[in-house]
Protein chains: 2
Amino acid sequence: MNPIKSLTFPVERLHEFTAQVLVACGVPPADAARAADILTQADLRGIDSHGVARLHAYVTQYKAGRMNPRPNITVARDRLSTATVDGDNGLGLVVGPKANEIAMEKAEKTGAAWVAVCNSHHFGIAGYYPLVALERDMIGWAMTNATNQVAPHGSRQRLLGTNPIAVAFPGLVEPPVVIDMATSVVSYGKIEIARRRQEPIPSGWALDSTGHITTDPTAMGPDYALLPLGSDKERGGHKGYCLGSMVDLFCGPLAGANWGPFAPPLLYPPEAHHGTVGKGIGHLFGAMKIDAFVDVDDFKRQVDHWVQVMRAAPPAPGYSGPLIPGDPERAAEKIRRESGVPLILPVVEDLRRVGQETNTPFDE
Amino acid sequence: MNPIKSLTFPVERLHEFTAQVLVACGVPPADAARAADILTQADLRGIDSHGVARLHAYVTQYKAGRMNPRPNITVARDRLSTATVDGDNGLGLVVGPKANEIAMEKAEKTGAAWVAVCNSHHFGIAGYYPLVALERDMIGWAMTNATNQVAPHGSRQRLLGTNPIAVAFPGLVEPPVVIDMATSVVSYGKIEIARRRQEPIPSGWALDSTGHITTDPTAMGPDYALLPLGSDKERGGHKGYCLGSMVDLFCGPLAGANWGPFAPPLLYPPEAHHGTVGKGIGHLFGAMKIDAFVDVDDFKRQVDHWVQVMRAAPPAPGYSGPLIPGDPERAAEKIRRESGVPLILPVVEDLRRVGQETNTPFDE
């Protein structure tokens, strides 16, 4: 493995810088602080592709006037247990927490709720939102669609985003079960890392521009495509495609947002993109109040038992045994909270540039 | 490929026989008819493992007094948008439609609802339930846990069921997008077919009794395990494990049903099983009223467009292009409605035996 050079920063410093930069872009301080919570939680939890590495893209969009720093977030349709929210072209990191809050408020009253969101942008790691719901003894859901990177099973054309799903279940003494997964085999971030390290990628992650499976991340060409979870016909690639489709249909047509190839990429002006079928990108947030189904402590005790049973399972050859969903992120968080967040040099450079552009010195 | 001998029956005959057999077991006629709808829909849609092939197991359970033909289905906990239903040890094919109905009634009033079910048994194909919701312009969800067949990613021990998820989205002129998928790479049914045909299975479907990946379906041994969707570490087996865990935690701890290795197998007496942590197996049904989010016709037109965009995608080498989720089942249904349902000889033999046991001649 070829290591990538990095510098390490205390998470508090990254949080402070992120919030300052967003405020400099016109985002109200409270929104900026919460957006910084989400971004730095990604860095803490080891999901580097979704953390401060994305800040430069947000700043570029704000500076170009293509994203609204002070969105007037409105409820376009409202029922007891549902709402459709218009994010007014705001950043998902600003719009998402408010829509998630509406879902939780409604679930508080009726037991469960769904809130669909259109006219939004990136909302950070999907796992953030169900973690907030856990604090209220709710099971939260979050999904989002995204720029087209993934080929439908059987095709070579990028038509779906990596469309993640996140859900979390609380334990009593055990940590929560936190599911947060792209519906592709891998996110583009993993391919990017292999490219930087000049290492091959496993067969089954991606197609090159000719539509063939490739293991060379440096030779994918402009018309590459990621593969849906399951990869190929024999291993259930149609199921990953089903999951990505499900997320897209909830976050696009149901929310009134763009879907599939129409989902706007973050960094390109909309006019460079091929048409529009809705507003911005879309999200779906769900909340289920646990005590609307079963006593909360009974539920948590069962989750504890479930976690203990899974942990006790004998390992398969070549593995060290099962993890609990959320374990790798918890392990990363423990280390990074103590020792800081490592950022690779290109990201550090990006942040310095962002600092100059917003008069917010990064590490001088 | 070694063909398996089969006989072909009109679906109406299979439906009539199934309903008669269930009535002979004590199931009320209306419940028996609906259970027959679900079972024969599986046969029609080509999901042979979930159709009349299972009837003998249900009859065995009824005859042994281990399943309640006339369950008193009760709502144990009730909120505006949620309920927990106790299936009173009834067959899932009887309990499921009633719980799904409750979810749809609640969604009619509040926009969306979830109903968790405990103390149930097999509920047939998960895809049946969202198809019912489509008739009311709702997006339906169905999940169930099941007998442990699948190893958590990184382990060799069967601890989770194949735990399917089904969701369906209606089109206006295009057929609906119908997702119905086990969260394992394949269901055991596919391995059973390979075993009968004496053909190898692809690498990545299953572990043998030693915990190693096997391609020989005749030599898996008693401690085999199916693998979660994604198969291995490189291809995202942890994601399939996350999905199977999600379904299990919803259908077990949230519903008050058994989970993981405690989910009772259909055919063995409970006392042969290792303990219990809840009641029977569990399901989760969801319903989302489309016009609680967006105008129904706008939604359906977007789904039509989505379907057309996916269909138009260029094929990957070796593929004929993307299908729409639900296409294979629709194709099977078209053929089988006209030409009849082929049943392999062991299933025909089972049905004859069932007919004798219940004084309901099958094909004399």
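Residues numbered from 1 in each chain as written. Chains lettered and ligands numbered in written order. Predicted model: local features only at pLDDT ≥ 70, side-chain atom pairs only at ≥ 80, totals over all residues. Heavy atoms only, no water.

S.K.: What am I meant to see in the nonpolar core here?
M.R.: Nonpolar side chains in soluble globular proteins tend to end up buried together. Counting 118 residues, the largest nonpolar core has Trp141 and Phe250 of chain A together with Trp141 and Phe250 of chain B as its most contacted members. Once residues lying within four places of it in the same chain are set aside, the contact partners of Trp141 of chain B are Trp114, Trp141, Met143, Met246 and Phe250 of chain A together with Trp114, Ala166, Val167, Leu284, Phe285, Gly286 and Met288 of chain B. One finds Leu39, Leu91, Ala113 and Leu266 of chain A within the second-largest nonpolar core, a separate group that totals 56 residues. (Core = buried A, V, L, I, M, F, W, Y, C linked by side-chain atoms within 4.5 Å. Buried < 20%, exposed > 50% of the residue type's maximum accessible area, 1.4 Å probe, protein only. Contact = heavy atoms within 4.5 Å.)

S.K.: Could you clarify how one ought to interpret the packing of aromatic side chains in this entry?
M.R.: What characterises a pair of aromatic rings is the spacing of the ring centres plus the angle enclosed by the ring planes. For the structure shown, the criterion picks out 28 aromatic pairs over all chains. Centroid distance Tyr188 of chain A to Tyr224 of chain A: 5.4 Å. Interplanar angle 35°. Geometry classified as tilted. Here Tyr188 of chain A, found in helix α6 (residues 188-197), pairs with Tyr224 of chain A, found in the loop between β9 (213-214) and β10 (225-226); they are 36 residues apart in sequence, far enough to count as distant. Under the relative-accessibility criterion, Tyr188 of chain A is labelled partly exposed at 24%. The exposure class assigned to Tyr224 of chain A is buried, which follows from its relative accessible area of 14%. With 4.8 Å between their ring centres and 55° between their planes, Tyr129 of chain B and Phe285 of chain B make a pair best called tilted. (Phe/Tyr/Trp six-rings, centres within 6.5 Å; stacked < 30°, edge-to-face > 60°. Helix = DSSP H or I, 4+ residues; strand = E, 2+ residues; numbered from the N terminus.)

S.K.: When you look at the sheet that holds strand β2 (residues 74-78) of chain B in this model, what are you seeing that I'm missing?
M.R.: The pairing of strands in a sheet comes from backbone hydrogen bonds and takes either a parallel or an antiparallel form. Residues and elements named next belong to chain B. Read across the sheet, 7 strands follow the order β2-β3-β4-β11-β5-β6-β7 without closing on themselves; strand pairing throughout is mixed. Both outer strands of the open sheet, β2 and β7 (177-181), are each paired with one neighbouring strand and no more. Shown here is a sheet whose adjacent strand axes are inclined to one another by a mean of 15°, direction ignored. Where β2 lies against strand β3 (residues 82-90), 4 bridges are found, and the strand directions are antiparallel. Across the sheet, residue Thr74 finds its bridge partner in β3, namely Asp86. (Pairing = 2+ DSSP bridges. Axes fitted to C-alpha atoms, helices over the stretch in contact; angles between N-to-C directions.)

S.K.: How should helix α8 (residues 296-311) of chain B be read in this particular structure?
M.R.: Since the α-helix advances by 3.6 residues per turn, residues separated by three or four positions end up pointing in the same direction. Along its 16 residues, α8 of chain B runs 23 Å from first to last C-alpha, staying within 8% of the 22 Å computed at 1.5 Å per residue. Along α8 of chain B, the residues that are buried comprise Val296, Phe299, Lys300, Val303, Asp304, Trp306, Val307, Val309 and Met310 of chain B. Check the buried side of α8 of chain B and you find it contacts α7 (237-251) of chain A together with β5 (138-144), β6 (165-169) and β7 of chain B. (Expected span 1.5 Å × (residues − 1).)

S.K.: So what exactly am I meant to see when it comes to the interface of chain A and chain B here?
M.R.: Buried accessible area, meaning the area lost when the parts come together, often serves as the stated size of an interface. Listed as interface residues are 90 residues of chain A and, on the opposing side, 90 residues of chain B. Of the roughly 7,800 Å² buried where chain A meets chain B, counting both sides, 70% is carbon and sulfur surface. If you look at where chain A meets chain B, you find 2 salt bridges. With its nearest N and O atoms 2.6 Å apart, the salt bridge here joins Asp295 of chain A to Arg77 of chain B. On the surface where chain A and chain B come into contact, there are 38 residue pairs in polar contact (both at pLDDT 80 or more). Only β3 (82-90), β4 (112-120), β5 (138-144), β6 (165-169), β7 (177-181), α7, β11 (281-289) and α8 (296-311) of chain A provide two or more residues apiece to the side of chain A that touches chain B. Of all the elements, α7 of chain A adds the most residues to the side of chain A that touches chain B, at 10 residues. Here the residues of the side of chain A that touches chain B are counted per class, giving 56 nonpolar, 23 polar and 11 charged. (Buried area = accessible area lost by both parts, 1.4 Å probe. Salt bridge = Lys/Arg side-chain N within 4 Å of Asp/Glu carboxyl O. Polar contact = N/O pair within 3.5 Å; in protein donor to acceptor, adjacent residues only side chain to side chain. Nonpolar A, V, L, I, M, F, W, Y, C, P; charged D, E, K, R; others polar.)

S.K.: Looking at this structure, how should I read the domain arrangement of chain A?
M.R.: All names here are of chain A. In terms of domains, chain A is made up of domain 1 (1-67 + 339-363), domain 2 (71-184 + 234-312) and domain 3 (186-226). On a C-alpha basis, the centroid separation for the pair domain 1 and domain 2 is 23 Å. Across the contact, 20 residues belong to domain 1 and 21 residues belong to domain 2. The largest contributions to the domain 1 side of the interface with domain 2 come from Ile38, Arg66 and Met67, which together make up 30% of the buried area. (Domains from an automatic or database assignment.)

S.K.: Looking at this model, I keep getting lost on the packing of helix α3 (residues 55-63) of chain A against helix α10 (residues 345-357) of chain A. Mind explaining?
M.R.: Helix-helix packing is described using two parameters, namely the angle between the two axes and the distance between the axes. Residues and elements named next belong to chain A. Their axes nearest at 9 Å, the elements α3 and α10 cross at an angle of 30°. As the angle between them shows, α3 and α10 are arranged roughly parallel. Where α3 crosses over α10, the two elements pack in a sense that is left-handed. Together, Leu55, His56, Val59 and Lys63 of α3 and Asp350, Leu351, Val354 and Glu357 of α10 make up the contact between the two elements. Of the residues in the contact of α3 with α10, the class split is 4 nonpolar, 1 polar and 3 charged. (Parallel < 35°, antiparallel > 145°, perpendicular 65-115°, else oblique. Left-handed = near helix turned anticlockwise from the far one by under 90°.)

S.K.: How should I be thinking about the environment of Pro97 of chain A in this particular structure?
M.R.: Note that Pro97 of chain A resides in helix α4 (residues 92-110). You can call Pro97 of chain A buried: its relative accessible area is 6%.

S.K.: Explain the confidence of the model for chain A here, please?
M.R.: Regions with low pLDDT carry predicted coordinates that are not meant to be interpreted in detail. Mean pLDDT over chain A works out to 95, with 97% of the residues at or above the 70 mark. Model confidence for the complex is summarised by a pTM of 0.98, with the ipTM given as 0.98. (pLDDT = per-residue confidence, 0-100.)

S.K.: Just checking my understanding: could you explain unusual backbone geometry for this structure?
M.R.: It is generally the case that most residues other than glycine have a negative phi and that most peptide bonds are trans. Although it is not a glycine, Asn89 of chain A sits at a positive phi angle of roughly 60°. Within the fold, Asn89 of chain A resides in strand β3. Of note in this structure, Asn163 of chain B is not a glycine but carries a positive phi near 30°. Note on Asn163 of chain B: relative accessible area 0%, which makes it buried.

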